[in-house]
Amino acid sequence: MCGIVGYIGTKKASPILINGLLRLEYRGYDSAGISTIEKNEISIMKNKGRVKNLYNLPGIDDLEGTIGIAHTRWATHGKPSKENSHPHMDNSKTFSVVHNGIIENYNELREFLQNKGYTFYSQTDTEVIPNLIHYYYTNDSKNDSLKLLRAVKNACTDLKGSFALEIICRESPDNMIVVRKDSPLVIGKGDGENYISSDIPAILSFTREFYLLNDLEFVVLSRNDAKFYDKNLNPIDKKVQTIEWNAASAEKDGFDDYMLKEIYEQPSAIRETIGAKLNEGSKCEFEELNFSKEYLKGLNKIYLIACGTAMHAGLAGKVMIEHLCKIPTEVDIASEFRYRNPLIDDKTLCIFISQSGETADTIAALKLSKANGAKTLAISNVIGSSITREADYSIYTHAGPEIAVASTKAYTSQVMLLAILAIYFAETLELSLNEVTDLKKDILELPKKIDETLKCSDKIKSFANKIYQEKDVFFLGRGIDETVAREASLKLKEISYIHSDSYPAGELKHGPIALIENGITVISIMTDPKLVEKTVSNIQEVITRGAKTLVVTNQDVDDNMFDYVIHIPKTNTFISPILSILPLQLLSYYVSKEKGLDVDKPRNLAKSVTVE
Ligand code: G6P
């Protein structure tokens, strides 16, 4: 994961770099550092801890360099420490490098370099890179303008694994080289300056014009120019793309935390995701898709593949696709799918769901599916992200930038888009048309029902105050509500560090009920009228054993049976996760606040997991 930022222009680089890192802290935050060129010497300032600690480093205010690179780390190789922080230099202090990704063959490369007399000072995989560049640079007899680029390219040819790299060289103070492979990196084009970042929001306040890089494309940046090369160093043309998001939408807008802001952005995220794709009177349209009835009829299976929260959105997608389209649908965790020899062929459609579009396991699962002949469709929130560039087709949630590590608006937008996709498939197949008509009506009413649901905030806050010191919490549901139970449980773990588990309510009696004891909290979701009575019986079983109960429901239940009831608006069961998850997102948020934790940056987690 890790976040990287770079700048080359006419302004002092250091404040721009630190500012960019602060916005990328969601990608990792155990150490940070910057490197600039100061009077033809490389300067490096780095330390363990949060980015803001960089402000305390002696001499940081005196940096004058107008070219620099920066990094915020999520440790993979070597514990968080000053030595292991980036940037890293080669032994001769000629090159400075920041890296996001993992070099899988670093031991082998380290040994090779040690045999050539190089010394290593950190435990990182990254430190081989500047030294390898130095090795190729000093062994290149040609002294032309491409010498630095050639050295970087030769070093990259030796690297196995994933990398987004920024490289500066004290002998080339007017150039920076960047390259990426399986790790994110974008270039922002300014006026007489260029910015580099792991993602777009971090530099959105400086520019809206971006170059998006494909794997193994090299860039030589100067103040006024960006020259692009393919993996054989042939020059290539790259078009600038204008990004519509504005910087303000990536800021907190007066909310205490990004997560809370993002929870309250869900009405607009859902509205934007519906966009013009769905209208009551006409068929669903996806400009990007052209699936025929014959193709869909001929499918043997649909796979929905993702990680974390995105996988939970997939679980809701399965319920909708199987019911409305009658196509067998499996949900798979990307890190399992990719190592399982899945049974896929040209009659399989593999759908990949990823907010960031950069999750390493999801990308690998996509590549595997393509190699096995399946058609691939990406669902992402980030235009131009890696999965969208790899997939045969891409469609987008329009949730806007999601900064908090715990995903909220991306999840509901993914469920929304999957519902619209299921409708598109059903209409193309001419199946379930009456149900589809009703579902469309309910979808169009969702944004205002989300607003209404979010009014439960005070009630949830007081419940959070009652349970924040608990050690275990259980979540129950049946059918589509069970998929929400899983997401609610993940949310609570992620940001409150309370152990929680979710179970299909009917499965409780087959083991987990042994854990129910006096005073334990059990939270249930009930939105499916066909299953409500069954779930009520299961809740009764835990009440008998002394559980404290919270119920989120849109059904008419006897409120007196439970300790707390949150009533949410009625809607079609298929899209009920978009409403029923909201009180539970708020619950995790307020529990985390009660415990005084950092909601947006929970321990050990990162927003974008670009390592496997
Ligand atoms: C990380 C994040 C989760 C996210 C998962 C998948 O684990 O902490 O919130 O659901 O990655 O991310 P993606 O960008 O692929 O949706």
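Refer to the structure above for everything that follows.
These lines cover the structure that appears in this document, whether it is placed above or below. It should be emphasised that the depicted structure is a prediction, and the values quoted were computed from it without experimental measurement.

## Remarks on the packing of helix α6 (residues 266-274) against helix α13 (residues 433-453)
Where α6 meets α13, the axes come as close as 8 Å, and the angle between the chain directions of the two elements is 170°. Our classification of the angle between α6 and α13 gives roughly antiparallel. Along its contact with α6, which presents Q266, P267, I270, R271 and I274, the element α13 presents I443, L444, L446, P447, I450 and D451. In the contact of α6 with α13, the residues fall into 8 nonpolar, 1 polar and 2 charged.

## What to know about the side chain of E217
Locating E217 in the fold gives a position in the loop between β11 (209-212) and β12 (218-221). A residue is classified by how much of its surface remains accessible, and E217, at 10% relative accessible area, is buried. A polar contact is formed between the side chain of E217 and the backbone nitrogen of N214, at a distance of 2.9 Å. Ignoring any residue separated from it by four or fewer positions in sequence, one finds E217 in contact with V178, V179, R180, L212, Y229, I236 and K238.

## Quick look at the nonpolar core
Counting 119 residues, the largest nonpolar core has I34, F291, M416, L421, F425, L584 and L587 as the members making the most contacts within it. In this structure, I103, F120, L132 and I133 belong to the second largest nonpolar core, which totals 31 residues.

## Section: the packing of aromatic side chains
In this structure the tally under the stated criterion is 15 aromatic pairs. Centre to centre, the rings of Y195 and F206 are 4.6 Å apart; their planes meet at 5°, and the pair counts as stacked. Within this pair, whereas Y195 is found in strand β10 (residues 194-197), its partner F206 is found in the loop between β10 and β11, the two being separated by 11 residues in sequence. Judged by relative accessible area, which is 1%, Y195 ranks as buried. Looking at F206, the relative accessible area reads 30%, which means it is partly exposed. Centre to centre, the rings of F463 and Y564 are 4.7 Å apart; their planes meet at 65°, and the pair counts as edge-to-face. Of the two residues, F463 sits in helix α14 (residues 457-467) while Y564 sits in strand β25 (residues 564-567), which places them 101 residues apart along the sequence. The cationic tip of K147 hangs over the ring face of Y137; the distance from NZ or CZ to the ring centre is 4.9 Å. Cation over ring: R603 sits above Y497, and NZ or CZ is 3.9 Å from the ring centre.

## What to know about helix α4 (residues 147-158)
Between the first and last C-alpha of α4 there are 17 Å, a value that for 12 residues agrees with the 16 Å anticipated at 1.5 Å per step. Those residues of α4 that sit buried are K147, L148, L149, R150, A151, V152, A155 and C156. In this fold, the buried residues of α4 make contact with β6 (95-103), α3 (128-138), β7 (161-169), β8 (176-181), β12 and β13 (226-229).

## Comments concerning the side chain of N538
For N538, the location among the structural elements is in helix α16 (residues 532-544). What makes N538 buried here is its relative accessible area of 2%. Beyond its immediate chain neighbours, meaning those up to four positions away, N538 contacts R478, A505, G506, L508 and K509.

## Focus on the site of the ligand
Inspection of the region around the ligand gives 14 residues, with T309, S354, Q355, S356 and T359 positioned closest. Taking S354, its side chain carries an N or O atom lying 2.5 Å from an oxygen atom of the ligand. S356 has a polar side-chain atom sitting 2.6 Å from an oxygen atom of the ligand. Relative to its unbound accessible surface of 390 Å², the ligand loses 89% to contact with the protein. Counting residues per element, the shell around the ligand draws most heavily on helix α8 (residues 308-325), which supplies 3 residues. The class makeup of the residues in the shell around the ligand is 5 nonpolar, 7 polar and 2 charged.

## Side note on the pairing of strand β19 (residues 375-380)
A regular strand places its side chains so that they alternate between the two faces of the sheet. Of all 6 residues that make up β19, 5 are buried, and the element is covered over most of its length. Pairing of strand β18 (residues 348-354) with β19, which is carried by 6 bridges, proceeds in the parallel orientation. Bridge pairing in β19 places S354 opposite S380. Note on the crossover from β18 through helix α10 (residues 360-371) to β19: the handedness is right-handed. Pairing analysis gives 4 bridges linking β19 to strand β20 (residues 393-396), with the strands arranged parallel.

## A word on the pattern of salt bridges
Inspection of the entire model under this criterion finds 24 salt bridges. In this structure, the salt-bridge partner of E193 is K11, at a minimum N-O distance of 2.9 Å. Highlighted residues: E193 in the loop between β9 (186-189) and β10 and K11 in the loop between β1 (3-8) and α1 (13-24), separated in sequence by 182 residues. Its relative accessible area of 8% is what places E193 among the buried residues. In this structure, K227 engages D225 in a salt bridge whose closest nitrogen and oxygen atoms are separated by 3.0 Å.

## Digging into the sheet that holds strand β2 (residues 31-38)
The strand order across the open sheet built from 8 strands is β3-β2-β4-β1-β10-β9-β11-β15, with neighbouring strands paired in antiparallel fashion. A single partner strand is all that each edge strand has here, and the edge strands are β3 (41-48) and β15 (241-242). Relative to strand β4 (residues 67-73), β1 runs antiparallel, the two being bridged by 6 bridges. Residue pairing across strands places G3 opposite T72, the latter belonging to β4.

## Thoughts on the packing of helix α12 (residues 409-429) against α13
Look at α12 against α13: their axes get within 11 Å of each other, and the N-to-C directions meet at 155°. Between α12 and α13, the interaxial angle falls into the category roughly antiparallel. The interaxial crossing formed by α12 with α13 has left-handed handedness. Each of M416, A419, I423, A426 and E427 in α12 lies in contact with α13, whose residues at this interface are L433, V436, L439, K440, I443 and L446. In the contact of α12 with α13, the residues fall into 9 nonpolar, no polar and 2 charged.

## With respect to the sheet that holds β25
As a general point, the strands of a sheet are linked pairwise by backbone hydrogen bonds and lie either parallel or antiparallel. Pairing is parallel across the open sheet formed by 5 strands, whose spatial order is β22-β21-β23-β24-β25. The two strands at the open ends of the sheet, each matched to only one other strand, are β22 (499-504) and β25. Taken over all neighbouring pairs, the strand axes of this sheet differ in orientation by 15° on average, direction set aside. Pairing of strand β24 (residues 548-553) with β25 involves 4 bridges; the strand directions are parallel. Each bridged residue has a counterpart across the sheet, and for V551 the counterpart in β25 is V565.

## A look at unusual backbone geometry
With omega at 0°, the peptide bond leading from H86 into P87 counts as cis. Within the secondary structure layout, P87 lies in the loop between β4 and β5 (88-89). The phi angle at L233 is positive, at roughly 65°, despite the residue not being glycine. Note on L233: relative accessible area 15%, which makes it buried. Notably, N341 is not glycine yet its phi reads approximately 55°, a positive angle. Note on placement: N341 falls in the loop between α9 (334-337) and β18. Take N341: its relative accessible area is 71%, and that puts it in the exposed class.

Conventions and cut-offs
Residues numbered from 1 in each chain as written. Predicted model: local features only at pLDDT ≥ 70, side-chain atom pairs only at ≥ 80, totals over all residues. Heavy atoms only, no water. Axes fitted to C-alpha atoms, helices over the stretch in contact; angles between N-to-C directions. Helix = DSSP H or I, 4+ residues; strand = E, 2+ residues; numbered from the N terminus. Parallel < 35°, antiparallel > 145°, perpendicular 65-115°, else oblique. Contact = heavy atoms within 4.5 Å. Nonpolar A, V, L, I, M, F, W, Y, C, P; charged D, E, K, R; others polar. Buried < 20%, exposed > 50% of the residue type's maximum accessible area, 1.4 Å probe, protein only. Polar contact = N/O pair within 3.5 Å; in protein donor to acceptor, adjacent residues only side chain to side chain. Core = buried A, V, L, I, M, F, W, Y, C linked by side-chain atoms within 4.5 Å. Phe/Tyr/Trp six-rings, centres within 6.5 Å; stacked < 30°, edge-to-face > 60°. Lys NZ or Arg CZ within 6 Å of the ring centre and 35° of its normal. Expected span 1.5 Å × (residues − 1). Near = heavy atom within 4 Å. Areas by Shrake-Rupley, 256 points an atom, 1.4 Å probe, with all protein chains shown as cover. Pairing = 2+ DSSP bridges. Right-handed = clockwise from strand over helix to strand, strands pointing away. Salt bridge = Lys/Arg side-chain N within 4 Å of Asp/Glu carboxyl O. Left-handed = near helix turned anticlockwise from the far one by under 90°.

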